[in-house]
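Remarks on the overall topology
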Amino acid sequence: MCNNGVNTAQFETMIDLLDDHVALEYRWAHKMTHTAGDAGFSRASNSLHEAQALLADVRALLDEAKANLESNDVPLGEPTVKLMQ
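Residues numbered from 1 in each chain as written. Predicted model: local features only at pLDDT ≥ 70, side-chain atom pairs only at ≥ 80, totals over all residues. Heavy atoms only, no water.

Looking now at the confidence of the model for the chain. Counting all residues, the mean pLDDT for the chain is 87, and 82% of those residues have values of 70 or more. Per-element mean pLDDT across the chain ranges from 64 in strand S1 (residues 2-3) up to 96 in helix H1 (residues 8-38). (pLDDT = per-residue confidence, 0-100. Helix = DSSP H or I, 4+ residues; strand = E, 2+ residues; numbered from the N terminus.)

What follows is the structure in structure tokens.
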């Protein structure tokens, strides 16, 4: 279905694919955090843990974007044309 010139079903699928990719990176960051911590690299482990938290934030924002797309909360108005001199 198209909404405002966008195929929303396809767009939702693209958001899902991006979320899957970020989920994979989240898991990698988790594994690397433990590997660095177990090897005694505490500062690297802390940085990776922060990166993992940011990736979790990205996933939450992707969920929010998908929900906003589904709710169509910002309808587009008629285009306006202005003469610039």
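Taken N-terminus to C-terminus, the directions of H1 and helix H2 (residues 42-71) make an angle of 165 degrees; their axes are 9 Å apart at the nearest point. Taken as axis vectors, H1 and H2 run roughly antiparallel relative to one another. Crossing hand, H1 versus H2: left-handed. For the contact of H1 with H2, the class distribution of residues is 17 nonpolar, seven polar and seven charged. (Axes fitted to C-alpha atoms, helices over the stretch in contact; angles between N-to-C directions. Parallel < 35°, antiparallel > 145°, perpendicular 65-115°, else oblique. Left-handed = near helix turned anticlockwise from the far one by under 90°. Nonpolar A, V, L, I, M, F, W, Y, C, P; charged D, E, K, R; others polar.)

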